[in-house]
Amino acid sequence: METIEATTDKGIRAARKFLARRGEVLEVLSDGEDRTVAVYRDADEGVLCFAAVHARRGDEFPPAKSEDRDRAMLEAVAMNWLADSDAPTCDVRLDVLSVMLLGGTRAFVRLHTAI
């Protein structure tokens, strides 16, 4: 059986690969607990996005966390990141990315935009 850390690492790699197709991944932030946030620029919409990343192995998506909890956490991360960066003024969007690892190198990804 795979460790939680290994599952999280694979989920982050899958999320990074998925988001790279949508635009430019600027950074992936993790607090070492259960919170991982990908910062990316959506090429189609021209917005800066902060996506909570949830990963799981099995046959069900990670349980949907409270949208209010995700939103509050993403707002705090976005404010801190923007305060410390030299990013130009732009629109910001908060997303939730759920990754279900299917085995081998396959994953099913669900993206909820503008939570």
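Residues numbered from 1 in each chain as written. Predicted model: local features only at pLDDT ≥ 70, side-chain atom pairs only at ≥ 80, totals over all residues. Heavy atoms only, no water.

Along the chain, T113 turns up in the segment after β5 (106-112). Overall, T113 belongs to the partly exposed group, its relative accessible area being 39%. Separated by 75 residues in sequence, T113 and A38 have C-alpha atoms that sit 13 Å apart. With near-sequence residues (within four places) excluded, T113 lies in contact with R93, L94 and D95. (Helix = DSSP H or I, 4+ residues; strand = E, 2+ residues; numbered from the N terminus. Buried < 20%, exposed > 50% of the residue type's maximum accessible area, 1.4 Å probe, protein only. Contact = heavy atoms within 4.5 Å.)

What follows deals with the pattern of salt bridges. Counting across every chain of the model gives 4 salt bridges. Salt-bridge contacts for E45 lead to R93; the nearest nitrogen and oxygen are separated by 3.1 Å. In this pair, E45 is assigned in the loop between β2 (36-42) and β3 (47-57) and R93 in strand β4 (residues 92-103), connecting sequence segments 48 residues apart. Using a relative accessible area of 8% as the deciding quantity, one classes R93 as buried. In this structure, the salt-bridge partner of R93 is D95, at a minimum N-O distance of 2.9 Å. Across the pair, exposure class does not vary: R93 and D95 are buried alike. Among the charged side chains, a network of salt bridges with common partners joins R22, D42, E45, R93 and D95. (Salt bridge = Lys/Arg side-chain N within 4 Å of Asp/Glu carboxyl O.)

Remember, this is a structural readout, not a statement about activity or role.
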